[in-house]
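Given next are the chains, with one letter for each unit.
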Amino acid sequence: MSDTPFGFGLPPEEPDDGDEGKKKDQQSGGGQGPANPFGFGGLPGAGGFGGPGADNPFAAMFGSLNPTDLGAAFQQLGQMLSYEGGPVNWDMAKQIARQTVSQGTADGTKDASVGPAERNAVQEAVRLADLWLDDATSLPSGAGSAVAWSRAEWVEATLPAWQELVDPVAERVGTAMGDVLPEEMQAMAGPLIGMMRSMGGAMFGTQIGQAVGVLAGEVVGSTDIGLPLGPVGKAALLPINIETFGKDLGVPQEEVRLYLALREAAHQRLFAHVPWLRSHLFGAVDGYARGIKVDTAKLEDVVGQFDPQNPEQLQDALQQGMFQPEDTPEQKAALARLETALALVEGWVDAVVHTAAKPRLSSADALRETLRRRRASGGPAEQTFATLIGLELRPRRLRDASRLWASLTDARGVDGRDALWHHPDMLPTASDLDDPDGFVHREQIDFSELDKMLGEAAGSSAGKPDLKKDDKDDDKGDDTE
C-alpha cells in the first residue's frame, strides 16, 4: 500500500518527498502545468500546452478546440466519469476493495469463508475475554455478539464508517478542484467544474477502495485503528489474519486469538458505555479535515497534465503529496485533540488488556510488545489513517497514555480510573501526557456529583407551584366573582 495513496503530505514535523515528486513529474513529462494549468493533453483536437494562445488561460484550457471537438472531449470525459453523487464514489470503492481482497495478500494468502469451527473459536475467545475483563475494568461488557469475519465481510461491514471518516476530506478536495479555475472563468466552465468534481469522486473511490482492500488483508478485528469501524455492540475478529499474525511468534494460536479478543472486547466496552466517545473522535477527524490546505498550484499542474486515455497518470501524480495541514492555531488544536483522543483510547485498552492478560497468559508481555512494535513500525492502522487525513498516531503518545492509565489505576483504583470517561472535560490533555504524575495526583472535578446535584435541583423545582400560573388563576377567579 502506498504511504500516501490519497496524496496527503506528512504532518509539518515530518519530512515530505516534494523533491522526489518533482523528479517524477519531470520524468512523466509534467512540469509545464503553471504556464497552461488547465490544458487537457490527449483530447481530440487539443494542441497541448505549447499550442496557440498558451498565455491566455481560456485558450490554455480549450486550446484550438472547435465546438464539435469540445463536445466530443466533454462526452469522453463524461462517459469515463459519469458518477453523480457525493465527494467519493463509494460504489467504486466497494468494488475495488472487493477486487483487491480477492487477489490475496503479498504472501499469497487468499480470502476464504469462515467455517463453523472458526466461528465457534472466536465466540469462545470473546466470551472468555469478557470474563477476564470484568476484573480489569468497571465498564460492563459491550459486545452483544461475537462474529468471525472473512476479509470481504470486514470490507462490507466497515465501509459505512470509512464513509463518515473520508467524506469530509474528500469534500475539501472536490471543492478545491473546482476552485482552481480563475473566478472570471468559473461561470463559463460549469460543465468542466462538474466533471472535475466527478473526477475527484472517482479518484477517491479508487484510492479508498485500494486502501481498504489492502487493510482487510492485515487487520485482526474491527477496532485496529482505535475507532469503532464495525456495527455497534459486535465484537469481530478475522481468523485468517489472526493466523498470519501469529504464525512466526512462537506463541500458541489459542493464546494469540485470546489476546486479540481481549483487545477487541475492551474497545467494545469503551465505545458502548462512553456514549459521547464515538462522536468526539469522529468530530475530531472532521475538525482536522476542515483545516487541510490544498496546494492549488500543484492541483492545477495535475489537472493540466490529465489525459482521459490514461487516468492512472492522475492517480500517480496525486500520490506525490498535495495536501498539507494549515499551520494555524486552530489546526494545531484540532491535531492535538485528535491525536490525544486516539492515544487515550488505545492507551486505556493497552493498560486494561495487560492487567487482564498478565496473570493468565504466559505470552502476554511478548504479545503486548509485538503489537506496540507493529504500531511503531508504521503498521497498517497508522498507514491507512495517515492516508485518510495526513496524520499518524504517534507511538510515543500511545505509550505515554498507557503509562498514565496504569498510574491512575494504582492511585485511584479501577473505578476511579474509569470514572474519568464520564465526561470529556475530565480526560487527560496532551500536556497531561507529558506530566502523568502531575495529572494522577491532581484533584479532579467530580462531574457525576455535579450532575446529581443539578438533577436534584431540577426535581425540587418541578415540585414547587407555578406562582405566576396561580396568580393568573386567582385573577380569573376574581373576574368570575
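Our structure is the block above this text.
Residues numbered from 1 in each chain as written. Predicted model: local features only at pLDDT ≥ 70, side-chain atom pairs only at ≥ 80, totals over all residues. Heavy atoms only, no water.

## A closer look at the packing of helix α9 (residues 239-246) against helix α10 (residues 253-273)
Step number 1: Contact pair α9 / α10: the axes reach a minimum separation of 10 Å and the direction vectors enclose 115 degrees. Helix-helix and strand crossings are classified by hand; for α9 and α10 the assignment is right-handed. In contact with Ile242, Glu243, Phe245 and Gly246 of α9, α10 contributes Gln253, Val256, Arg257 and Leu260.
Step number 2: Partitioned by chemical class, the residues of the contact of α9 with α10 number four nonpolar, two polar and two charged. (Axes fitted to C-alpha atoms, helices over the stretch in contact; angles between N-to-C directions. Helix = DSSP H or I, 4+ residues; strand = E, 2+ residues; numbered from the N terminus. Left-handed = near helix turned anticlockwise from the far one by under 90°. Contact = heavy atoms within 4.5 Å. Nonpolar A, V, L, I, M, F, W, Y, C, P; charged D, E, K, R; others polar.)

## Overview of the pattern of salt bridges
Step number 1: Summed over the entire model, instances satisfying the criterion amount to 19 salt bridges.
Step number 2: Of the charged contacts in the structure, one is a salt bridge between Asp130 and Arg269, with a shortest N-O distance of 3.1 Å. Of this pair, Asp130 sits in helix α5 (residues 116-133) while Arg269 is found in helix α10, placing the two residues 139 residues apart along the sequence.
Step number 3: The exposure class assigned to Asp130 is buried, which follows from its relative accessible area of 11%.
Step number 4: Residue classification places Arg269 among the buried residues on the basis of a relative accessible area of 0%.
Step number 5: With its nearest N and O atoms 3.2 Å apart, the salt bridge here joins Arg360 to Asp135. Of this pair, Arg360 sits in the loop between α14 (329-357) and α15 (364-376) while Asp135 sits in the loop between α5 and β1 (145-148), placing them 225 residues apart in sequence.
Step number 6: With relative accessibility at 36%, the residue Arg360 sits in the partly exposed group.
Step number 7: Among the ionic contacts, a cluster of salt bridges with common partners joins Arg397, Asp400, Arg403 and Asp434. (Salt bridge = Lys/Arg side-chain N within 4 Å of Asp/Glu carboxyl O. Buried < 20%, exposed > 50% of the residue type's maximum accessible area, 1.4 Å probe, protein only.)

## A closer look at the packing of helix α11 (residues 277-290) against α14
Step number 1: Between α11 and α14, whose axes approach to 9 Å, the crossing angle comes to 145 degrees. The hand of the α11/α14 crossing is left-handed. Between α11 and α14, the residues in contact are Leu277, His280, Leu281, Gly283, Ala284, Val285, Gly287 and Tyr288 and Gln331, Ala334, Leu335, Arg337, Leu338, Ala341, Leu342 and Val345, respectively.
Step number 2: Split by residue class, the contact of α11 with α14 holds 11 nonpolar, four polar and one charged.

## Some details on the nonpolar core
Nonpolar side chains in soluble globular proteins tend to end up buried together.
Step number 1: In this structure, Trp154, Trp162, Leu277, Leu281, Trp348, Trp405 and Trp421 are the most contacted members of the largest nonpolar core, which totals 95 residues.
Step number 2: In terms of residues, this core owes the most to one element, α14, which gives 15 residues. (Core = buried A, V, L, I, M, F, W, Y, C linked by side-chain atoms within 4.5 Å.)

## So, the packing of aromatic side chains
Step number 1: All told, the structure shown has four aromatic pairs when counted by the stated rule.
Step number 2: Taking the centre distance of 6.4 Å and the plane angle of 85 degrees together, the rings of Trp348 and Trp421 count as edge-to-face. Taken together, the residues Trp348 in helix α14 and Trp421 in the loop between α17 (395-418) and α18 (430-434) connect sequence positions 73 residues apart. Exposure class is identical for Trp348 and Trp421. Each is buried.
Step number 3: Of the aromatic side chains, those joined through ring pairs into one cluster are Trp276, Trp348, Trp405 and Trp421.
Step number 4: Here the guanidinium or amino end of Arg278 rests over the ring plane of Phe282, the centre of that ring lying 4.2 Å away.
Step number 5: Positioned over the ring face of Phe439 is Arg412, at 6.0 Å from the centre of the ring. (Phe/Tyr/Trp six-rings, centres within 6.5 Å; stacked < 30°, edge-to-face > 60°. Lys NZ or Arg CZ within 6 Å of the ring centre and 35° of its normal.)

## Some points on the environment of Arg397
Step number 1: Tracing the chain through its elements places Arg397 in helix α17.
Step number 2: Classification of Arg397 as buried rests on a relative accessible area of 4%.
Step number 3: Distance in space between the C-alpha atoms of Arg397 and Gly347 is 8.4 Å, their sequence separation being 50 residues.
Step number 4: Among all residues touching Arg397, those that are not within four sequence positions of it are Glu339, Ala343, Ala430, Leu433 and Asp434.
Step number 5: A polar contact is formed between the side chain of Arg397 and the backbone oxygen of Ala430, at a distance of 3.3 Å. (Polar contact = N/O pair within 3.5 Å; in protein donor to acceptor, adjacent residues only side chain to side chain.)

Honestly, it's all geometry; don't read function into it.
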